[in-house]
Amino acid sequence: MSMIRVRFAPSPTGYLHVGGARTALFNWLFAQKNKGVFVLRIEDTDTLRNNEAMVRGILEGMEWLGLNYDEGPFFQSDNYEKHRAAALQLLEAGHAYRDFTPKAERDDGTIKQRVTEAAKLGKPVNSYRELSRAESDTRAAAGEPFVIRFAVPAEGKTNFEDEVFGAQERDFKDIEDLVLLRSDGHPLYNLSVVCDDIEMNITHVIRGQDHLSNTHKQILLYQALGQPVPKFAHLPLIMAPDKGKLSKRKHGEIVSVTTYRDAGFIPDAFLNFLALLGWAPASDEHGDREIFSRDELVEAFSLAGIHKANAVFNFTQGDARNWTDQKALWMNAEYIKTIPMETLLPMVKTELQHSSLWRDEYEGEQRAWFEHTLTLLRERARTLADFTNHGRPYFVDDISFAFDEAAVKKNLQKDPALQELLPQLAEAFATLDEFTHDGIEALLRKVAEEKSVKVGLLTNATRTALTGQAVGPGLFDVVAVMGKDRTVTRLKHAVQLV
RNA sequence: GGCGCGUUGGUGUAACUGGUUAACACGCCGCCCUCUCAAGGCGGAGAGCACGGGUUCGAGUCCCGUACGCGCUACCA
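Residues numbered from 1 in each chain as written. Chains lettered and ligands numbered in written order. Predicted model: local features only at pLDDT ≥ 70, side-chain atom pairs only at ≥ 80, totals over all residues. Heavy atoms only, no water.

K.L.:
What exactly am I supposed to notice about the overall build of chain A here?
P.N.:
The secondary structure content of chain A amounts to 23 helices and 12 strands. Its C-alpha radius of gyration of 31 Å places chain A more than 25% over the 23 Å reference for a compact globule of 498 residues. The dimensions of chain A, computed from C-alpha atoms along their principal axes, are 110 × 50 × 40 Å. Counting only residues that meet the buried cut, chain A has 50% of its 498 residues in that class. Across chain A, every contact between residues at least 6 apart in sequence was considered, and the portion connecting residues at least 24 apart equals 76%. Taken as a whole, chain A presents about 23,800 Å² of accessible surface, with 50% of it coming from carbon and sulfur. Side-chain charges of chain A comprise 59 positive and 72 negative groups, with the mean position of each set lying 4 Å from the other. (Helix = DSSP H or I, 4+ residues; strand = E, 2+ residues; numbered from the N terminus. Rg over C-alpha atoms; globule rule 2.2 N^0.38 Å. Buried < 20%, exposed > 50% of the residue type's maximum accessible area, 1.4 Å probe, protein only. Contact = heavy atoms within 4.5 Å. Areas by Shrake-Rupley, 256 points an atom, 1.4 Å probe, with all protein chains shown as cover. Lys, Arg positive; Asp, Glu negative; His and termini not counted. Charge placed at Lys NZ, Arg CZ, Asp CG, Glu CD.)

Okay, structure coming up:
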């Protein structure tokens, strides 16, 4: 059997849409699973919308997700001549005809209305379809502009078995005579995809469900061109919470994959989340598992597990903490807390470099300290950005981090006694020899007992003095990681806040 | 309007070829742990499977209809 070949064919919109990313993922998974070839092709036949910057966003998204392609990127526009030749071939063979209807007539707003009216009466018949070949040639030779339309046969049906949606059938009378070539000679989408998929030997077309009805037209083209028809698998669409289209215009950056990269997502986590939107592994094999590594995804993937109904990408616009789908956030947190340290470290490094918190010693003499700090912070991080947000107090020497107002009020201003206690605590720490988790705990408890205050008063105040926050890792770990010097100066400094 | 596709708790999904109180994850709520928590542990609420018919001893699972949603219906992709 010939090798399986699939492709991802986005149009260059300037960014990789989450829906597109999932389509790319499913193609990639299918190729990996079947030891096939994954091709990337940019569908740029609409020249008005195409330029290099528009392509870059797509490539960046693919790269970040690690969806490597075996061939490409190819540009559909590079194949114009071949597409045109195919249209001419169809014209020659009588499968297509020239339509001399002036463009202006089609462009005026009434066309849609006319189509609707014509539909009521049955299939609209294009008069140019019956034009004799001789006359058609003469008018073309005279320079009269025309489009080339495919002549859908009068009677019959197209059939195909969609790998996801099952048996599909459509009557020819419900398929319009689609335009193959514009009057300026420019090939159109349906012709171009078919030609390219033929040329690239694509065996399985895996794409969004919005192309399900187009498939019938394309099958007609394959047949007229005398080429074998590939297999098709259409994917349910990813919708906005209101079940409307998920669009950049309406929903903003949340639809773009690079947003997730910049917000501190781990690519595998995002992929994992995307995979489970509209797909589920065979339940007998994988039970109720949610977390799948890239390899496990490849292993478990099957077109049979693809759901038919559209999936909602659940998020609340304007909610800073839950700015995207909560399950995606949860999954990212799972990855952050469980992936191997050697995988996490470079990711955090990049994050800290961006926020100017990185020091090369973290990879050198302070490596052990750094890793230990990460093991504390990773437990509560939802995105890599949290290593900056929550981690800043741990990575700076001075007190250039923010003090959360509520935390100050709750932990530092709660008891005026802290005015005295904080400096005393600082002195005690300054002379502590065993500056370890246990040593610190023993000291804190001892001070609490001596001063007859609750341990909680001291630990909470210390937490906020050291990190500016009300929440975080166990306090004794925090103090140990901060080290003696920073602990002492920050405790003294915090007195001003009481 | 026409044609097509879809419809399981708030969200994502599961439920072998119809068979006990519809399962899991996220989220939500509560309790516990504890020095705090956005972490961890435990528990709970939440759908009777869009609606209406039908077939059957028995239907989320099959059939028909209705509603709703989505897609296509461009000299866009």
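Text resumes after the structure shown.
K.L.:
Mind showing me how you'd approach the sheet that holds strand 8 (residues 179-181) here?
P.N.:
Each strand in a sheet pairs with its neighbour through backbone hydrogen bonds, running either in the same direction (parallel) or in the opposite one (antiparallel). Taken in spatial order, the 3 strands make up an open sheet running 4-5-8, and their pairing is antiparallel. This sheet does not close on itself; its edge strands, each paired only once, are strand 4 (96-99) and strand 8. Put simply, the sheet's adjacent strands are angled 40 degrees from each other on average, direction ignored. Pairing of strand 5 (residues 147-150) with strand 8, which is carried by 2 bridges, proceeds in the antiparallel orientation. Its bridge partner being in strand 8, Arg149 is matched across the sheet by Val179. (Pairing = 2+ DSSP bridges. Axes fitted to C-alpha atoms, helices over the stretch in contact; angles between N-to-C directions.)

K.L.:
Can you walk me through the nonpolar core in this structure?
P.N.:
Soluble globular proteins tend to bury their nonpolar side chains together. Phe26, Leu180 and Phe429 are the most contacted members of the largest nonpolar core, which totals 141 residues. With sequence-adjacent residues up to four places away left out, Phe429 is seen in contact with Phe435, Ile440, Leu443, Leu444, Val479, Lys484, Thr487, Val488 and Leu491. (Core = buried A, V, L, I, M, F, W, Y, C linked by side-chain atoms within 4.5 Å.)

K.L.:
How should I be thinking about helix 22 (residues 455-467) in this particular structure?
P.N.:
Two residues of an α-helix separated by three or four positions point the same way, owing to the 3.6 residues in each turn. Between the first and last C-alpha of helix 22 there are 18 Å, a value that for 13 residues agrees with the 18 Å anticipated at 1.5 Å per step. Taken across its 13 residues, helix 22 has 10 buried, putting it largely inside the fold. Among the residues of helix 22, those classed as buried are Leu457, Leu458, Thr459, Ala461, Thr462, Arg463, Thr464, Ala465, Leu466 and Thr467. Of the surrounding elements, those touching the buried residues of helix 22 are helix 18 (392-395), helix 19 (405-412), helix 20 (418-430), helix 21 (437-451) and helix 23 (475-494). Two residues or fewer after helix 22 comes Gly468, characterised by a positive phi angle close to 75 degrees. (Expected span 1.5 Å × (residues − 1).)

K.L.:
I tried to follow the protein's contact with RNA strand B on my own but got confused; where do I start?
P.N.:
Taken together, the neighbourhood of RNA strand B is formed by 68 residues, with Thr45, Gly278, Val312, Arg463 and Val471 sitting nearest. Here RNA strand B approaches the protein such that, of its atoms within 4 Å, sugar and phosphate make up 72%. A distance of 3.1 Å separates a sugar or linking oxygen of RNA strand B from a polar backbone atom of Glu43. Here the surface near RNA strand B is composed, by residue class, of 23 nonpolar, 20 polar and 25 charged. (Near = heavy atom within 4 Å. Polar contact = N/O pair within 3.5 Å; in protein donor to acceptor, adjacent residues only side chain to side chain. Nonpolar A, V, L, I, M, F, W, Y, C, P; charged D, E, K, R; others polar.)

K.L.:
Sorry if this is basic, but what is going on with the packing of helix 22 against helix 23 here?
P.N.:
Two quantities define a packed helix pair, namely the angle between the axes and the distance from one axis to the other. Their axes nearest at 8 Å, the elements helix 22 and helix 23 cross at an angle of 75 degrees. In terms of axis orientation, helix 22 runs roughly perpendicular to helix 23. From helix 22, Thr459, Thr462, Arg463, Ala465, Leu466 and Thr467 reach across to helix 23, where they touch Leu475, Phe476, Val478, Val479, Met482, Arg486, Thr487, Arg490, Leu491 and Ala494. Class assignment for the residues of the contact of helix 22 with helix 23 results in 9 nonpolar, 4 polar and 3 charged. (Parallel < 35°, antiparallel > 145°, perpendicular 65-115°, else oblique.)

K.L.:
Hey, could you run me through the pattern of salt bridges in this one?
P.N.:
Should their charged atoms come close, side chains of opposite charge can pair. Taken as a whole, this structure holds 30 salt bridges when the rule is applied. Arg261 is the salt-bridge partner of Asp262, the closest N and O atoms lying 2.9 Å from each other. Between Asp397 and Arg359 there is a salt bridge; the shortest N-O distance is 3.3 Å. Of this pair, Asp397 sits in the loop between helix 18 and helix 19 while Arg359 is found in the loop between helix 15 (341-354) and helix 16 (367-377), placing the two residues 38 residues apart along the sequence. Judged by relative accessible area, Arg359 falls into the partly exposed class, the value being 24%. Among the charged side chains, a network of salt bridges with common partners joins Arg7, Arg41, Glu43, Asp196 and Asp197. (Salt bridge = Lys/Arg side-chain N within 4 Å of Asp/Glu carboxyl O.)

K.L.:
Hey, could you run me through the environment of Leu67 in this one?
P.N.:
One can find Leu67 in the loop between helix 2 (52-65) and strand 3 (71-75). Overall, Leu67 belongs to the buried group, its relative accessible area being 1%. Taking the C-alpha atoms as reference points, Leu67 and Val471, 404 residues apart in sequence, are found 37 Å from one another.

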